[in-house]
Amino acid sequence: MTRHAVLAGVGGYLPKRVVTNDDLARTLDTSDEWISERTGIRQRHIADETETAAFMGAAAAEAALRRAGAGAGEVDGVIVATSTPDQAFPATAARIQAALGITRGFAFDLAAACSGFIYALAVADGMIRAGQASGILVIGSEVYSRILDWRDRTTCVLFGDGAGAVFLHAAEGPVTPGAPAVLSTHIHADGRYGDILYVDGAVGQPDRPGTLAMNGSAVFRHAVVNLAAAVEEALAVNHLDRASIDWLVPHQANRRIIDAMGKKLGLAPERVVVTIDRHANTSAASIPLALAEAVGDGRIRPGQLVLMEALGGGLTWGSALVRL
Ligand code: COA
């Protein structure tokens, strides 16, 4: 029997504390002007010690389940995309499973840096199609503030903390035109470029952090080329043209990359969901957080076609095409 996955609900969580560019400029040789002009970022949310990857991920997951009208009993599995787990193990996903009162099914973390949400969506979609699960929570939760060198102005101004989640459930039968479905996912990696964006050391522990290092202009060049290819791939496989896309929900790394992708798709700027100004780059959380915002405020409506894309450390990249 053919089956496919439907995105039934989405939710997000942002830490309470907001840090503006001007706040950073008090202790760092930078300025609101430099940061906002080069990146589009104006502020970011920064977690306190209680706002761990598991805590934020659980809050986002609860919101996604609420929005889907689903209960914890319908969750067969939890997949968490994170580069900043609270512990090496148990997986953040297992901590979230327990926090939600789920006592069956599977739970695991997946590491694909800023592409993590697209990777997790691809895995969950495949498991649902294969009949291995009927309800999966796909979560991106990140506390990059704990892996940043706060003295390095070339990296620390770019990132923020947060979590986003979607609940996928199975629908029996083939995808029918116009009906809600995860239409396709495409994921890629090229480990030759592992050294242009990496964390040197242990992650997620305030007292023993690894720190993030990046060759920003090299990442920028790869992003523009690889994301364009991933978008073309999604359109070609689904026999769609650019005009069919209602919304672009891109990973939020740099406003100039986001604008270039919107332009490439011929989308009006108001059809591209942008949160980078308020959230900065929340890595694997950025796409589900942006989706939660645009679905929550009624911009993205049921039946519309949403294209998501991301690139991150690895290098990893990918795209997903979903009809809500
Ligand atoms: N404030 C002020 N000046 C800064 C600064 C900051 N926060 N960060 C860097 N600078 C300085 C640099 O030291 C450099 O000075 P110099 O010319 O005297 O050496 C100058 O600004 C230009 O730096 P450069 O790195 O060339 O800037 P850029 O235009 O390439 O922008 C990024 C840097 C990081 C914003 C940009 O490369 C980028 O967004 N890349 C993609 C990153 C990305 O997507 N990462 C995440 C992937 S998931």
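Report follows, based on the coordinates.

Here is what the cut-offs are and how they apply
- Residues numbered from 1 in each chain as written.
- Predicted model: local features only at pLDDT ≥ 70, side-chain atom pairs only at ≥ 80, totals over all residues.
- Heavy atoms only, no water.
- Pairing = 2+ DSSP bridges.
- Helix = DSSP H or I, 4+ residues; strand = E, 2+ residues; numbered from the N terminus.
- Axes fitted to C-alpha atoms, helices over the stretch in contact; angles between N-to-C directions.
- Contact = heavy atoms within 4.5 Å.
- Near = heavy atom within 4 Å.
- Polar contact = N/O pair within 3.5 Å; in protein donor to acceptor, adjacent residues only side chain to side chain.
- Areas by Shrake-Rupley, 256 points an atom, 1.4 Å probe, with all protein chains shown as cover.
- Nonpolar A, V, L, I, M, F, W, Y, C, P; charged D, E, K, R; others polar.
- Domains from an automatic or database assignment.
- Phe/Tyr/Trp six-rings, centres within 6.5 Å; stacked < 30°, edge-to-face > 60°.
- Buried < 20%, exposed > 50% of the residue type's maximum accessible area, 1.4 Å probe, protein only.
- Lys NZ or Arg CZ within 6 Å of the ring centre and 35° of its normal.

Bringing the sheet that holds strand 1 (residues 3–13) into the picture now. Sheet architecture is open: five strands sit in the order 1-7-6-4-5, paired in mixed fashion. Edge positions in the sheet fall to strand 1 and strand 5 (106–110), since each has one partner strand and no second. Recorded for the sheet is a direction-independent mean angle of 20 degrees between the axes of neighbouring strands. Sheet topology places strand 4 (residues 77–81) next to strand 5; five bridges connect them, and they run parallel. Following the sheet pairing, Ala81 is matched in strand 5 by Leu110. Contacting strand 1, strand 6 (135–143) and strand 7 (161–172), helix 3 (residues 53–68) runs over the sheet at an angle of about 120 degrees to strand 1. Most of the contacts of helix 5 (residues 116–129) go to strand 7, to which it runs at about 20 degrees, and overall it touches strand 1, strand 4, strand 5, strand 6 and strand 7.

The ligand sits among 24 residues. The nearest are Thr30, Arg38, Arg153, Gly216 and Asn254. Between the ligand and Trp34 there is a distance of 3.3 Å, counted from an oxygen atom to a side-chain nitrogen or oxygen. Take Gly216: an N or O atom from its main chain is 3.0 Å from a nitrogen atom of the ligand. Relative to its unbound accessible surface of 970 Å², the ligand loses 71% to contact with the protein. Of all elements in the fold, only helix 2 (32–39), helix 6 (216–237), helix 7 (255–264) and strand 12 (305–312) reach the threshold of two or more residues within the shell around the ligand. Element by element, the count of residues in the shell around the ligand is highest for helix 6, at four residues. Along the lines of polarity and charge, the residues of the shell around the ligand split into eleven nonpolar, nine polar and four charged. For the shell around the ligand, the domains that each give at least three residues are domain 1 (3–172) and domain 2 (181–323).

Take the sheet that holds strand 11 (residues 247–250) next. On the basis of which strands lie adjacent, the open sheet formed by four strands has the order 8-13-12-11 and mixed pairing. Looking at the sheet topology across the chains shown, the edges are occupied by strand 8 (181–189) and strand 11. Mean inter-strand twist for the sheet, computed between neighbouring axes without regard to direction, equals 15 degrees. Sheet analysis places strand 8 next to strand 13 (residues 316–323), joined by eight bridges and oriented antiparallel. Its bridge partner being in strand 13, Val182 is matched across the sheet by Val322. Sheet contacts for helix 5: strand 8, strand 12 and strand 13; angle to strand 8, the most-contacted strand, approximately 125 degrees.

This part takes up the packing of aromatic side chains. Considering all chains together, one arrives at three aromatic pairs under this definition. With 5.7 Å between their ring centres and 90 degrees between their planes, Tyr13 and Phe55 make a pair best called edge-to-face. Of this pair, Tyr13 sits in strand 1 while Phe55 sits in helix 3, and the two are 42 residues apart along the sequence. According to the relative accessible area criterion, Tyr13 is buried, its value standing at 16%. Under the relative-accessibility criterion, Phe55 is labelled partly exposed at 40%. A cation over an aromatic ring shows up here: Arg271 above the ring of Trp247, its NZ or CZ 4.8 Å from the ring centre.

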